[in-house]
Amino acid sequence: MTFLEELQKQRWDDHRYYHHNRINQSLHLLSACCFVVSYGLVFFHPAAAALIGWLLAMVLRQTGHFFFEPKTYDEVNQASHDYKESVKVGYNLSRKVVLLSIWAATPLALLLSPDLFGVLTPAMDLAGFISNTALVWLFIGIGAVLFRTLHLFRLMGPQSGLVWMTKILTDPFHDIKIYQKAPRYLLKGEMYDNMEDWYDELPIENNV
């Protein structure tokens, strides 16, 4: 399988297994727009980029996964929730709980150690505290992507790891493309996607 073929497959699996609910899709659309803004800010205002990325984009995205996506048996794909969690290439719900716990604990860690054990300049006021928290969040995000990529190198090989990293970094643009109609479907009363009209061309093994 080529790099682009595997990228298409990972995107298709992620969509069909984890994005049935139209509310979840709509939240991903909003999240994606926030991430695009965050990408634009990261080289000029990294703290602002991290705040938008975590407090808006990630909260919207994970709210969709944890509270709206069904955890029952997946009739469309003939797969149980436990099976989907076990084959998830990136961060499944269990791994996300760990990652989000680290994220949520950051302000407390900075209260206990304002310089984060010598890494940061201690904040002198609330604005400085927020800025330091945002910078730590930025590095948590970067670290989470790099950690899982290297882990996938070991589990599935370098190509699969690089494909997943590429998928994660380009997800905001791809989500805008495929979920832009989700709010319209919701207004029509359609709560779940039947997975019939996503790609013009499906991944190779699903296209035979």
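The structure under discussion appears in the preceding block.
What counts as what
- Residues numbered from 1 in each chain as written.
- Predicted model: local features only at pLDDT ≥ 70, side-chain atom pairs only at ≥ 80, totals over all residues.
- Heavy atoms only, no water.
- Helix = DSSP H or I, 4+ residues; strand = E, 2+ residues; numbered from the N terminus.
- Contact = heavy atoms within 4.5 Å.
- Salt bridge = Lys/Arg side-chain N within 4 Å of Asp/Glu carboxyl O.
- Core = buried A, V, L, I, M, F, W, Y, C linked by side-chain atoms within 4.5 Å.
- Buried < 20%, exposed > 50% of the residue type's maximum accessible area, 1.4 Å probe, protein only.
- Polar contact = N/O pair within 3.5 Å; in protein donor to acceptor, adjacent residues only side chain to side chain.
- Axes fitted to C-alpha atoms, helices over the stretch in contact; angles between N-to-C directions.
- Parallel < 35°, antiparallel > 145°, perpendicular 65-115°, else oblique.
- Left-handed = near helix turned anticlockwise from the far one by under 90°.
- Nonpolar A, V, L, I, M, F, W, Y, C, P; charged D, E, K, R; others polar.
- Phe/Tyr/Trp six-rings, centres within 6.5 Å; stacked < 30°, edge-to-face > 60°.

### Focus: the overall build of the protein
Phase 1 of the analysis: Counting its secondary structure elements, the protein contains eight helices and zero strands.
Phase 2 of the analysis: Helices (α) and strands (β) of the protein occur, in sequence order from the N terminus, as α-α-α-α-α-α-α-α.
Phase 3 of the analysis: When its C-alpha atoms are laid out on the principal axes, the protein stretches across 60 × 45 × 30 Å.
Phase 4 of the analysis: Partitioning the intrachain contacts of the protein with sequence separation of at least 6 by distance along the chain shows that 73% fall at a separation of at least 24.

### Observations concerning the pattern of salt bridges
Phase 1 of the analysis: Counted by the stated rule, this structure contains nine salt bridges.
Phase 2 of the analysis: Residue Lys-88 is joined to Asp-14 by a salt bridge in which the shortest nitrogen-to-oxygen separation is 2.5 Å. Of this pair, Lys-88 sits in the loop between α4 (81-87) and α5 (93-112) while Asp-14 sits in helix α1 (residues 3-18), placing them 74 residues apart in sequence.
Phase 3 of the analysis: Asp-74 is the partner of Lys-84 in a salt bridge, and the nearest nitrogen-oxygen pair spans 3.3 Å. With Lys-84 in helix α4 and Asp-74 in the loop between α3 (46-68) and α4, this pair connects stretches of sequence that are 10 residues apart.

### Regarding the nonpolar core
Phase 1 of the analysis: Formed by 20 residues in total, the largest nonpolar core has its most connected members in Trp-54, Leu-99, Val-136 and Ile-140.
Phase 2 of the analysis: Put simply, the parts of the chain that give this core at least two residues each are α2 (22-41), α3, α5 and α6 (126-156).
Phase 3 of the analysis: For this core, the element with the most residues is α6, which contributes six residues.
Phase 4 of the analysis: Beyond its immediate stretch of four places on either side in the chain, Trp-54 contacts Val-59, Leu-99, Leu-100, Trp-103, Trp-137, Leu-138, Ile-140 and Gly-141.

### With respect to the environment of Arg-61
Phase 1 of the analysis: Looking at where Arg-61 falls in the secondary structure, it is placed in helix α3.
Phase 2 of the analysis: Residue Arg-61 is classed as buried on the basis of its relative accessible area of 9%.
Phase 3 of the analysis: Along the backbone, Arg-61 and Met-195 are 134 residues apart, and their C-alpha atoms lie at a distance of 19 Å.
Phase 4 of the analysis: Only 2.9 Å separates the side chain of Arg-61 from the side chain of Asp-175, close enough to count as a polar contact.

### Quick notes on the packing of α6 against helix α7 (residues 158-179)
Phase 1 of the analysis: Their axes nearest at 6 Å, the elements α6 and α7 cross at an angle of 150 degrees. Looking at the two axes, α6 sits roughly antiparallel to α7. Read as a crossing pair, α6 and α7 show a hand that is right-handed. Contacts from Val-145, Leu-146, Arg-148, Thr-149, Leu-152, Phe-153 and Met-156 of α6 reach α7 at Pro-158, Ser-160, Gly-161, Leu-162, Trp-164, Met-165 and Ile-168.
Phase 2 of the analysis: For the contact of α6 with α7, a count of residues per class yields 10 nonpolar, three polar and one charged.

### A closer look at the side chain of Lys-84
Phase 1 of the analysis: By relative accessible area, which is 4% here, Lys-84 ends up buried.
Phase 2 of the analysis: At 3.1 Å, the side chain of Lys-84 and the backbone oxygen of Tyr-17 are in polar contact.
Phase 3 of the analysis: Once residues within four sequence positions are removed from consideration, Lys-84 is found in contact with Tyr-17, Tyr-18, Asp-74 and Ala-79.

### A word on the packing of aromatic side chains
Phase 1 of the analysis: One pass over the full model with this rule turns up five aromatic pairs.
Phase 2 of the analysis: Seen in terms of ring centroids, Trp-54 and Trp-103 are 5.6 Å apart; in terms of plane orientation they differ by 10 degrees. Their pairing is stacked. Of the two residues, Trp-54 is situated in helix α3 and Trp-103 in helix α5; the sequence distance between them amounts to 49 residues. Like Trp-54, the residue Trp-103 is buried in the burial classification.

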